[in-house]
Amino acid sequence: MSLTITEFRDEMGIITLDNDSKRNSLSSELIEEIISGLNYFKDNDARVAILRANKESKVFSAGHDINELAKPGRDPLSYNDPLEQVLRAIEHFPAPVIAMLNGSVWGGATELIFTCDIIIATRKATLALTPARIGVPYNPNGILHFLNMLSISVVKELFYTAQPLSAERAEQLGIINHLVAEEELETYTFALAEKIKKNAPLSIAVMKEQLRLLSKASPLSPETFERIQGLRRTVYDSNDYKEGIQAFLEKREPVFKGN
Ligand code: LCV
């Protein structure tokens, strides 16, 4: 049974997350469908792609599928984790990817949205960063995605509180490009896509890749990198990480003890 709806017409690809019973949580299966949809669009010279959920979905995506999080003792956000793969697929997709939001976004799905090129949303959209809610040590590349878009004080608040950010505040902070009324969301998004389609695709593809390379141009010494990995290991080896996952699976609030 498909977890997404993939459409392609007039050089525009549309991927609709369609697994509302599991709140479009980013399972490896759903991620595989997103990546193959993007590959199909690329093979057919798409000029723009749109990532959306169903019109009536209250949750755009609940983030990483917690059932698939690595067991304690292994890095839950390692380079080849499906979430990291779909983030790279969007970053390397040679045309703009527009996120069309009308519901709540959680955890790794918030990073997925930040990785898109343009965000169009209604007031029903909220964005939450949730690693501290589960006891996950977010990864450097992920943190850099947020640092490239926001002030460090906002990034700290989002990570430390794990509280959803309202659409209005996200627009004020420049995360959401355009905040529109619910009844205008589709027409506004498709009209913007049409404007992009009329421009030179090679120029856009190269500017997108330059923006990716320049935004990541922050040198890390090998020693710094290893120190970060060592710090992250103390977290994903911790009892708190185990407790965070267990609490979710048992549908109860976690009790973190700092070990
Ligand atoms: C698997 C789920 C999920 C889910 N995985 O509906 O960024 S990091 O580091 O944190 C990264 C590791 C990450 O992204 O972690 C995931 C972070 N996500 C969250 O913390 C959100 C967890 N979900 C929720 O808080 C609620 O589900 C929301 C508020 C999204 C929706 O609440 P609602 O009451 O509408 P339920 O909680 O009843 O969920 C409906 C079904 O979706 C599953 C959940 O287990 C339930 O399945 P069952 O009906 O089989 O019990 N589900 C929801 N989120 N992330 N499965």
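Whatever comes next refers back to the structure up there.
Throughout what follows, the structure given in this document is the object of discussion. Quick caveat: nothing in here was measured; it's all calculated off a predicted structure.

Bringing helix H8 (residues 185-197) into the picture now. Compared with the 18 Å implied by 1.5 Å per residue over 13 residues, the 18 Å span of H8 between its first and last C-alpha is a close match. Restricting attention to buried positions, one finds in H8 the residues Leu185, Thr189, Phe190, Leu192, Ala193, Ile196 and Lys197. The buried residues of H8 all sit within an arc of 155° when viewed along its axis, so they share a single face. When the buried face of H8 is taken as reference, the exposed residues oriented beyond 90 degrees from it are Thr187 and Lys195. Tucked into the core, H8 has its buried residues touching strand S1 (4-9), strand S2 (12-17), strand S3 (48-53), strand S5 (97-101), strand S7 (118-121) and helix H9 (201-215).

A few words now on the sheet that holds S5. Reading across the sheet, the six strands line up as S1-S2-S3-S5-S7-S10 and stay open at both edges, with mixed pairing between neighbours. The open sheet has two edge strands with one neighbour each: S1 and strand S10 (178-179). Both S3 and S5 contribute to a ladder of four bridges, which runs parallel. By the bridge assignment, Leu51 is partnered in S5 with Ala99.

Before going further, it helps to examine the pattern of salt bridges. Applying the stated criterion across every chain, the model contains 15 salt bridges. A salt bridge links Lys55 to Glu186; the nearest nitrogen and oxygen atoms lie 3.9 Å apart. Of this pair, Lys55 sits in the loop between S3 and strand S4 (59-61) while Glu186 sits in helix H8, and the two are 131 residues apart along the sequence. We classify Lys55 as exposed; its relative accessible area is 56%. Glu243 is the salt-bridge partner of Arg252, the closest N and O atoms lying 2.7 Å from each other. Three or more residues are tied together by salt bridges with common partners; here these are Arg52, Lys55 and Glu186.

Surveying the vicinity of the ligand reveals 22 residues, the closest of which are Lys22, Ala62, Gly108, Thr130 and Lys251. One of the backbone N or O atoms of Ala62 is found 2.8 Å from a nitrogen atom in the ligand. Between the ligand and the protein, one listed contact pairs an oxygen atom with a backbone N or O atom of His64 at 2.9 Å. The fraction of the free accessible surface of the ligand (1,000 Å²) that becomes covered by protein chains is 75%. With respect to the detected pockets, the ligand is housed in the largest pocket. Tallying contributions element by element places helix H4 (residues 131-134) first for the shell around the ligand, with three residues. A class-by-class count of the residues in the shell around the ligand yields nine nonpolar, eight polar and five charged.

What follows is about the sheet that holds strand S8 (residues 126-128). Strands sit in the order S4-S6-S8-S9 across an open sheet of four strands; the sheet is mixed. The sheet terminates laterally at S4 and strand S9 (165-166), the two strands that pair on one side only. Here S8 pairs with S9 via two bridges, running antiparallel. Bridged to Leu127 within S9 is Leu165. Of the strands in this sheet, S4, strand S6 (104-106) and S8 touch helix H3 (residues 108-115), which is tilted by about 105° from S6.

Of the voids in this model, the largest pocket is the one considered here, and its volume is about 890 Å³. Along the walls of the largest pocket sit 31 residues, with Ala62, Ile66, Arg133, Ile134 and Phe248 positioned nearest its centre. Only H4 and helix H11 (239-249) provide two or more residues apiece to the lining of the largest pocket. In terms of residue class, the lining of the largest pocket is built from 15 nonpolar, nine polar and seven charged. A volume near 730 Å³ is recorded for the second largest pocket. Around the second largest pocket, the lining is made up of 27 residues, and of these Tyr138, Asn139, Pro140, Ile143 and Ile228 lie nearest the centre. If you list the elements that add at least two residues to the lining of the second largest pocket, you get H4, helix H5 (140-147), helix H6 (152-161) and helix H10 (222-236). Grouping the amino acids of the lining of the second largest pocket by side-chain chemistry returns 19 nonpolar, four polar and four charged.

Criteria and cut-off values
- Residues numbered from 1 in each chain as written.
- Predicted model: local features only at pLDDT ≥ 70, side-chain atom pairs only at ≥ 80, totals over all residues.
- Heavy atoms only, no water.
- Helix = DSSP H or I, 4+ residues; strand = E, 2+ residues; numbered from the N terminus.
- Expected span 1.5 Å × (residues − 1).
- Buried < 20%, exposed > 50% of the residue type's maximum accessible area, 1.4 Å probe, protein only.
- Arc of directions from axis to C-beta.
- Contact = heavy atoms within 4.5 Å.
- Pairing = 2+ DSSP bridges.
- Salt bridge = Lys/Arg side-chain N within 4 Å of Asp/Glu carboxyl O.
- Near = heavy atom within 4 Å.
- Polar contact = N/O pair within 3.5 Å; in protein donor to acceptor, adjacent residues only side chain to side chain.
- Areas by Shrake-Rupley, 256 points an atom, 1.4 Å probe, with all protein chains shown as cover.
- 1 Å grid on protein atoms, 1.4 Å probe; cavity = no way out; pocket = protein on both sides within 12 Å on 5 of 7 lines; lining within 4 Å.
- Sits in = over half its atoms within 2 Å of the grid points.
- Nonpolar A, V, L, I, M, F, W, Y, C, P; charged D, E, K, R; others polar.
- Axes fitted to C-alpha atoms, helices over the stretch in contact; angles between N-to-C directions.
- Points joined across faces, edges and corners; volume = space filled by probe spheres on them.

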